[in-house]
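Structure at a glance
Spelled out from the first residue to the last, the chains are:
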Amino acid sequence: MALYVYKFGGTSVGTVERIKAVAEKVKKSHDAGDQIVVVVSAMSGETNRLVALAKEMQVQPTDRELDVLLSTGEQVTIALLSMALHNVGVDARSYTGAQVKILTDSAHTKARIREIDEANMRADLDAGRVVVVAGFQGVDEQGNITTLGRGGSDTTGVALAAALKADECHIYTDVDGVYTTDPRVVPKARRLEQITFEEMLEMASLGSKVLQIRSVEFAGKYNVKLRVLSSFMEGNGTLITYEESEMERALISGIAFNRDEAKLTLTGVPDLPGVASKILGPVAAENIEVDMIVQNISAHGTTDFTFTVNRNDFARAKSVLEGLRNELGGNTQIIGDNSIVKVSIVGVGMRSHAGIASTMFKTLADEGINIQMISTSEIKISVVVDEKYLELAVRALHKAFDLDQETA
Ligand code: ADP
Ligand code: ASP
Ligand code: MG
C-alpha cells in the first residue's frame, strides 16, 4: 500500500465533467488499495474573477480581506470533488487549509507554510477515506486565513507530501509533463523524461509557471518524489530528480521566459560612491523587487543605471525615481520601458561547456533581435529583449540548441 498526494490544477477541475473525471481517477487508485490525499485548485479562471471583484470594491483592498476572498475558490472545489467521490462510492472528506491546520506565517497573499498538523488526515486515511484538501491556503497563529501566492496549490501538494512522507507527489495539470519550453509557444517543444531540482528551480523562477517555485524548493528540501503529469491522458510525465541523466545529456535542458518585466533607466547619473544604494534603497523601501541591474562604464563622470522590475511595479518604481531626480542632481533623465521580456536558457550542462553564451547571442543576432540586457549564473543565461520578439527568440533558441522534436 502506497500513499500518494495528487494535486489537480484549475483546468483539471474547471467543469463539473472534469471534477467527475478526477473522482474516477482517484477512485481507481483508491480501489487499487493506495491511500490518497487530493489537493485541488479553484476552477480555472475563478481566482482571477475574485481578484477582479475585489478591485471593483476598492482600488487597494487589504491583503487580509483579499485572502478571505481568494481562498473561497478552493473551498468550492474540495466540496464538489468530495461529493463526486461519494457519488462513485468512495468515502472522502474535504478540508480547508485551516481545518487541516496548515499553519503559515502572517504574510497575507504570499504566506509561507510553517507546520502541518497531520492528525486529521492520518485518521481519515487509516479509516479508508480519501482526504481532499484545499490548495493555496492556510491559517496563521491568530486564526487569519492566508494564501500562498498565485500557483500556490502546487506548494500545498508538495508540503502535504513532505508532512505525510508520501511515496510520491503527483502534480496533474493540462500538459503531460515539463517541456523544454512552454509547449503553447513552441509546438516543437519536447517533454522531458526527467529534470533536476536545480534546473526546475531556475525554470520556475525564470518564468515557467508549470510549478510554483516554492513547491520545487520544498520538494528539494524534504526529498519529495515529485512528478508532473497530465490530468487527461496516461503517461509517465516528468520526474523532478537529484540525478543528472547520463543518457543524452543536453547542454541546455530548457528555455524559460517571463512577460511580466519592465525596465527603468536613469541616464546622466553622477558616478560617485553610494549612488547605486541611493537609487535602489528607496526602491527596496517600497517593497519593489529588483531583478537585473546594469551600470555602464562612466564616460564623463556620469553613468547610466538600468534595472528591471515586475511589470506590476513599473509605475510605482518610476514614481520613486521621479522623487529622486533632484537628489541625484543635474542632468538625470528617467527612461521607462514596460514592453520588454526576459528569455533564459537553463541547463546544468552549461557548467562544463564553453561557447553556450556565444551561440545564444549569435542566434538572436541572426534573427535581428537586439539584446538589451544580459545576466548569467552557473546554469543559466538570461537576456532582455523587446516583447515583440519573444516567440521568435524562444523558437530560434529552441532550434539552435537542438531541443526541437524531430516529428512535430
Ligand atoms: P495548473 O492550473 O494545473 O496549475 P498552470 O497553468 O499553472 O496549470 O501550469 C501549466 C501550464 O504551464 C501549461 O499549460 C503550460 O502552458 C505552462 N508552461 C510553461 N512552461 C512550461 C514548460 N516548460 N513545460 C510545461 N508547461 C509549461
Ligand atoms: N487558485 C490559485 C491560483 O489561481 C492557486 C492555484 O491554482 O495553484 O493562483
Ligand atoms: Mg499552476
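Calculation notes
- Residues numbered from 1 in each chain as written.
- Chains lettered and ligands numbered in written order.
- Predicted model: local features only at pLDDT ≥ 70, side-chain atom pairs only at ≥ 80, totals over all residues.
- Heavy atoms only, no water.
- UniProt positions renumbered as here; feature names shortened; annotations may be inferred.
- Helix = DSSP H or I, 4+ residues; strand = E, 2+ residues; numbered from the N terminus.
- Rg over C-alpha atoms; globule rule 2.2 N^0.38 Å.
- Buried < 20%, exposed > 50% of the residue type's maximum accessible area, 1.4 Å probe, protein only.
- Contact = heavy atoms within 4.5 Å.
- Areas by Shrake-Rupley, 256 points an atom, 1.4 Å probe, with all protein chains shown as cover.
- Lys, Arg positive; Asp, Glu negative; His and termini not counted.
- Charge placed at Lys NZ, Arg CZ, Asp CG, Glu CD.
- Patch = residues over 30% accessible without salt bridge, like charges linked within 9 Å, V, L, I, M, F, W, Y side chains within 5 Å.
- Salt bridge = Lys/Arg side-chain N within 4 Å of Asp/Glu carboxyl O.
- Pairing = 2+ DSSP bridges.
- Axes fitted to C-alpha atoms, helices over the stretch in contact; angles between N-to-C directions.
- Near = heavy atom within 4 Å.
- Nonpolar A, V, L, I, M, F, W, Y, C, P; charged D, E, K, R; others polar.
- Parallel < 35°, antiparallel > 145°, perpendicular 65-115°, else oblique.
- Left-handed = near helix turned anticlockwise from the far one by under 90°.
- Polar contact = N/O pair within 3.5 Å; in protein donor to acceptor, adjacent residues only side chain to side chain.
- Arc of directions from axis to C-beta.

By the naming in an unreviewed UniProt entry, the protein goes by Aspartokinase and is assigned to Methylomonas methanica. A UniProt comment under Sequence similarities (unreviewed entry) is attached to the protein, and it reads "Belongs to the aspartokinase family." Regarding the protein, the relevant UniProt record gives this comment under Catalytic activity (unreviewed entry): "L-aspartate + ATP = 4-phospho-L-aspartate + ADP".

Broken down by element type, the protein carries 13 helices and 18 strands. At 23 Å, the protein has a C-alpha radius of gyration in line with the 22 Å of a compact globule built from 408 residues. Taking the principal axes of the C-alpha coordinates as reference, the protein spans close to 75 × 50 × 35 Å. Split into buried and exposed, the 408 residues of the protein put 50% on the buried side. Contacts in the protein between residues far apart in sequence, at least 24 positions, make up 75% of those at least 6 positions apart. Of the accessible surface of the protein, which amounts to about 19300 Å², a share of 48% is contributed by carbon and sulfur atoms. The centroid of the 42 positive side-chain charges in the protein is displaced by 2 Å from the centroid of its 55 negative side-chain charges.

Take the UniProt feature "binding site: substrate" (unreviewed entry) in the protein next. The sites that UniProt annotates as "binding site: substrate" (unreviewed entry) are Thr 47 and Glu 74. Separation in sequence by 28 residues is not matched in space for these annotated residues, since their most distant C-alpha atoms are only 8.9 Å apart. The topology assignment puts Thr 47 in helix 2 (residues 46-57). Excluding anything up to four places from it in sequence, Thr 47 contacts Ala 42, Leu 70, Phe 136 and Arg 150. Locating Glu 74 in the fold gives a position in helix 4 (residues 72-87). Here Glu 74 is in contact with Val 40, Ser 41, Ala 42, Ala 134, Gly 135, Phe 136, Gln 137 and Ser 153, once residues within four sequence places are set aside.

Below, the discussion takes up a nonpolar patch on the surface. On the surface, Val 76, Leu 80 and Met 83 cluster together into a nonpolar patch covering about 250 Å² of accessible area. Along the chain, Leu 80 falls in helix 4. Looking at Leu 80, the relative accessible area reads 33%, which means it is partly exposed.

Let us now look at the sheet that holds strand 1 (residues 3-8). The pairing of strands in a sheet happens through backbone hydrogen bonds and is either parallel or antiparallel. Across the sheet, 8 strands lie side by side as 3-6-2-1-9-11-12-10; this open sheet has mixed pairing. Both edges of this open sheet fall to strand 3 (92-95) and strand 10 (194-196), since each of them pairs with a single strand only. Taken pair by pair, the neighbouring strands of this sheet meet at an average axis angle of 20 degrees, ignoring direction. Examined bridge by bridge, strand 11 (residues 226-230) and strand 12 (residues 238-241) share 3 bridges and lie antiparallel to one another. Within the sheet, the bridge partner assigned to Arg 227 lies in strand 12 and is Leu 239. Each of strand 10 and strand 12 touches helix 8 (residues 197-205); the most contacted strand, strand 10, lies at about 85 degrees to it.

So, about the site of ligand 1. Contacts to ligand 1 come from 17 residues, most closely from Thr 173, Asp 174, Tyr 179, Asp 182 and Arg 184. Here the residues of the shell around ligand 1 sort into 6 nonpolar, 6 polar and 5 charged.

Looking now at the pattern of salt bridges. Under the definition given, this model contains 23 salt bridges. Of the charged contacts, one joins Asp 313 and Arg 316 as a salt bridge, the two residues approaching to 3.0 Å between their closest N and O atoms. Measuring nitrogen to oxygen at the nearest pair gives 3.0 Å for the salt bridge that ties Glu 378 to Arg 351. Taken as a pair, Glu 378 in the loop between strand 17 (373-377) and strand 18 (380-386) and Arg 351 in the loop between strand 16 (333-346) and helix 12 (356-366) lie far apart in primary sequence, 27 residues in all.

It is worth spelling out the packing of helix 10 (residues 275-285) against helix 11 (residues 314-328) at this point. Between two packed helices, what matters for the description is the angle formed by their axes and the separation of those axes. Interhelical geometry of helix 10 versus helix 11 gives an angle of 150 degrees and a closest axis separation of 10 Å. Judged by the inter-axis angle, helix 10 sits roughly antiparallel to helix 11. The hand of the helix 10/helix 11 crossing is right-handed. Here helix 10 contributes Val 275, Lys 278, Ile 279, Pro 282 and Val 283 to the contact with helix 11, which in turn contributes Val 320, Leu 321, Leu 324, Glu 327 and Leu 328. Of the residues that constitute the contact of helix 10 with helix 11, the class distribution is 8 nonpolar, no polar and 2 charged.

Attention now moves to the UniProt feature "binding site: ATP" (unreviewed entry) in the protein. Here the UniProt-annotated "binding site: ATP" (unreviewed entry) positions come out as Lys 7, Phe 8, Gly 9, Gly 10, Thr 173, Asp 174, Tyr 179, Arg 184, Lys 209 and Val 210. With respect to the helices and strands, Thr 173 occurs in strand 9 (residues 168-173). Ignoring anything within four residues of it in the chain, the contact list for Thr 173 reads Ser 12, Val 228, Leu 229, Ser 230, Ser 231 and Phe 232. Polar contacts involving the side chain of Thr 173 include one to the side chain of Asp 174, which spans 3.2 Å. Turning to its location among the elements, Tyr 179 is positioned in the loop between strand 9 and strand 10.

Right, let's talk about helix 10 for a bit. Residues Val 275, Ile 279, Leu 280 and Val 283 constitute the buried set of helix 10. In a view along the axis of helix 10, the buried residues occupy a sector of 105 degrees, so they form one face of it. Facing away from the buried side of helix 10, by more than 90 degrees, are the exposed residues Ser 277 and Ala 285. The elements touched by buried residues of helix 10 are strand 13 (254-270), strand 14 (290-295), strand 15 (302-310) and helix 11.

Around ligand 2 sit Ser 41, Ala 42, Thr 47, Glu 74, Phe 136, Arg 150, Gly 151, Gly 152 and Ser 153, and that is every residue in its neighbourhood. Burial of ligand 2 by the surrounding chains reaches 86%, relative to a free accessible area of 260 Å². Looking at side-chain class alone, the shell around ligand 2 contains 2 nonpolar, 5 polar and 2 charged residues.

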